[in-house]
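Residue-level structure breakdown
One-letter residues, chain by chain:
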Amino acid sequence: MTTRTSVIRQAPGKYETIEVELDDPRQNEVTVKLVAAGLCHSDDHNATGDVPVGVYPYAGGHEGSGIIEAVGPDTPGFEVGDHIVFSFLPACGRCEFCARGLSNLCDLGASLLTGARAEDPTSFRMHHNGEPVGQQCGISTFSEYTTASVSSVVKVDKSLPLKPAALLSCGVPTGWGSAVNSAAVRPGDTVIVMGIGGIGANAVQGAVHAGATNVIAVDPVPFKLKKAREFGATDTFETIEDATEFARSLTNGQGADATIITIGIINGDHVAQALDSIRKAGTVVLTGLGDITQAGAPILLGDLTLMQKRLQGSLFGEANPRRDIPNLARMYQRGQLKLDELITKEYTLDQVAEAYEDMHAGRNIRGIIVFD
């Protein structure tokens, strides 16, 4: 079949919509008609070149929800009409890291930026004029239809609204888990969240859910600080320096129990600022991305050692997609998690480039593409 999808042809580059040929599903694959797709900063990192990809054109999108249109042969457990949420991280359930309970680090993740099928780096599900088109994270949700491995698909209850459910693919579990799993926030804690976008807003929600007494949001954009309070932040500041001073005033001079870095484009200075903001034996969680080839941060090694501080990377908030996506969906349905409030603007498939301009201008917590 053919489908319209939004691609970048180079990096730096901008997203544009083209028509591509889409493979029918093979064994252990499904074809999905998209209902909604989230516009995460990571897809913009591909467009800027901060996160290089394996082939161009490259079809973007790694947050999305939809309805199964076709099921590959000998693919049990899935039926036409099933409602699904994609997981941008596949989980095979068989590799060493899945067996360790670290399915966010599944070995299939090694193929995410190649654009090809995980089991065959020469095989692509999308083509344009006879040439391969890469799929972002093997799913490319900036597309009216997409074909993907069942390792990247999580079935959800049909009573779940699919438009907000799209955000469960990445932004919500990543932010939520950064607080609940990676920072291990406990009742009574003081937590700083640096950067209130689609990830940071959910880190705020996660910290609140885990029982933090003080949740301090940091962002230079007043609109985002206002939204942070809607998600449960107790205090807001435009700079990390002011937030650090305030956290110390609450903790007898010690600092925050945890600081979570969810800035859209991070650098080493952000890491140093976050380490300065936490108490002895506190934790800094690094969730944001920038140029992934950048090295170095101006941190005091003695402070790290002698104050027994911890610097923790966080991928997908250390979440397990098959467990946590359904759990978060149930929390939303029970009024324990805000999803609708994350969506600040809806776009069409032809407006992806415009959507990222809005993101850079600080107008969105999360924009989404809504398909007819």
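Residues numbered from 1 in each chain as written. Predicted model: local features only at pLDDT ≥ 70, side-chain atom pairs only at ≥ 80, totals over all residues. Heavy atoms only, no water.

Observations regarding the layout of surface pockets
Quick reminder of the rule: For each structure, a 1 Å grid was placed over the protein atoms alone; sets of points admitting a 1.4 Å probe that cannot get out are labelled cavities, open sets with protein on both sides within 12 Å along at least five of seven lines are labelled pockets, and lining residues have an atom within 4 Å of a point. Grid points are joined across faces, edges and corners, and a volume is the space filled by probe spheres set on the points. We call Asp, Glu, Lys and Arg charged. Ala, Val, Leu, Ile, Met, Phe, Trp, Tyr, Cys and Pro are nonpolar, and the rest, Gly among them, are polar.
Space inside the second largest pocket adds up to approximately 390 Å³. Along its surface, the second largest pocket is lined by 23 residues, and L108, A118, E119, S149 and S151 are the ones closest to its centre. Residues that form the lining of the second largest pocket fall into these classes: nine nonpolar, seven polar and seven charged.

A closer look at the side chain of T251
The condition that has to hold: A run of H or I in DSSP counts as a helix once it spans at least four residues, and a run of E counts as a strand once it spans at least two, with each numbered from the N terminus. In protein, a polar contact means a hydrogen-donor-capable atom and an acceptor-capable atom, both N or O and within 3.5 Å, with residues adjacent in sequence counting only if both atoms are side-chain atoms; elsewhere, any N or O pair within 3.5 Å suffices.
Relative to the assigned elements, T251 resides in the loop between α7 (240–250) and β14 (256–261). A polar side-chain atom of T251 sits 2.9 Å from the main-chain amide nitrogen of G255.

Quick word on the pairing of strand β6 (residues 83–86)
Which entries qualify depends on this criterion: Accessible area is worked out with a 1.4 Å probe on protein chains only. A residue is then buried under 20% of its type maximum, exposed over 50%, and partly exposed in between. Paired strands, as defined in this entry, are two strands with at least two bridges between them according to DSSP.
What you see with β6 is no split at all: H83 and V85 on one side and I84 and F86 on the other are buried throughout. Pairing geometry for β6 and strand β10 (residues 153–155), over three bridges, is antiparallel. Bridge assignment links F86 to a residue of β10, and that residue is V153.

Things to note about the packing of helix α1 (residues 41–48) against helix α11 (residues 352–360)
Filter applied, for reference: Orientation is described by axes fitted as lines to C-alpha atoms, over the contacting stretch for helices, and by angles from 0 to 180 degrees between their N-to-C directions. Should an angle lie under 35 degrees it is considered roughly parallel, over 145 roughly antiparallel, and from 65 to 115 roughly perpendicular; all remaining angles are considered oblique. The contact criterion used is simple: two residues touch if any of their non-hydrogen atoms lie within 4.5 Å.
It is the contact of α1 with α11, at a shortest axis distance of 11 Å, that shows an interaxial angle of 105°. Of the possible angle classes, the one that applies to α1 and α11 is roughly perpendicular. Here H41, D43 and D44 of α1 come into contact with α11, specifically with Y356, M359 and H360. Taken together, the residues of the contact of α1 with α11 sort by class into two nonpolar, two polar and two charged.

Side note on the pairing of strand β2 (residues 16–22)
Two faces, one strand: in a regular strand the side chains alternate between the faces of the sheet. Pairing geometry for strand β1 (residues 2–8) and β2, over six bridges, is antiparallel. The residue of β2 that forms the bridge with T2 is E21. Here β2 runs beside strand β7 (residues 126–128); their pairing, made up of two bridges, is antiparallel. When the sheet's bridge partners are listed, L22 is paired in β7 with M126.

Here's the deal with empty space enclosed by the protein
Scanning all chains against the criterion turns up one cavity of 30 Å³ or more. Empty space within the largest cavity amounts to approximately 30 Å³. If you go around the largest cavity, the residues you meet are E63, L167, G171, V172, G198, N202, L342 and R366. A breakdown of the residues in the lining of the largest cavity according to their chemical character gives three nonpolar, three polar and two charged.

Quick notes on helix α6 (residues 222–230)
As a reminder, the rule being used: This arc corresponds to the set of directions leading from the helix axis out to the C-beta atoms.
Among all positions in α6, only K224, L225, K227 and A228 are buried. Within α6, the buried residues cover an arc of 160° as seen down the axis, which keeps them to one side. When the buried face of α6 is taken as reference, the exposed residues oriented beyond 90 degrees from it are P222 and K226. Just beyond α6, the residue with positive phi is G232, at close to 115°.

Concerning the pattern of salt bridges
We count it as follows: What counts as a salt bridge is simple: a side-chain nitrogen of Lys or Arg found within 4 Å of a carboxyl oxygen of Asp or Glu.
Scanning the model with the defined rule gives 19 salt bridges in all. We note a salt bridge from D303 to K309, for which the minimum N-O separation is 2.9 Å. One network of salt bridges, in which partners are shared, links D23, E29, R117 and R125.

Observations regarding the sheet that holds strand β13 (residues 235–237)
Each strand in a sheet pairs with another by means of backbone hydrogen bonds, the pair being arranged parallel or else antiparallel. Taking strand neighbours across the sheet as the criterion, the six strands line up as β13-β12-β11-β14-β15-β16 in an open arrangement whose pairing is parallel. The two strands at the open ends of the sheet, each matched to only one other strand, are β13 and β16 (310–313). When the angles between neighbouring strand axes are averaged without regard to direction, this sheet yields 20°. When strand β12 (residues 214–218) meets β13, the two strands line up parallel, connected through three bridges. In the strand pairing of β13, I216 is matched with D235. This element, helix α5 (residues 200–209), spans β11 (190–194), β12 and β14 of the sheet and lies at about 170° to β11.

A closer look at the environment of H45
Structurally, H45 can be placed in helix α1. C-alpha separation for the pair H45 and G290, spaced 245 residues apart in sequence, amounts to 7.3 Å. Not counting residues within four places of it along the chain, the set of residues in contact with H45 comprises D50, V51, G264, I265, L289 and G290. A polar contact of 3.1 Å, which involves the side chain of H45, links it to the backbone oxygen of G264.

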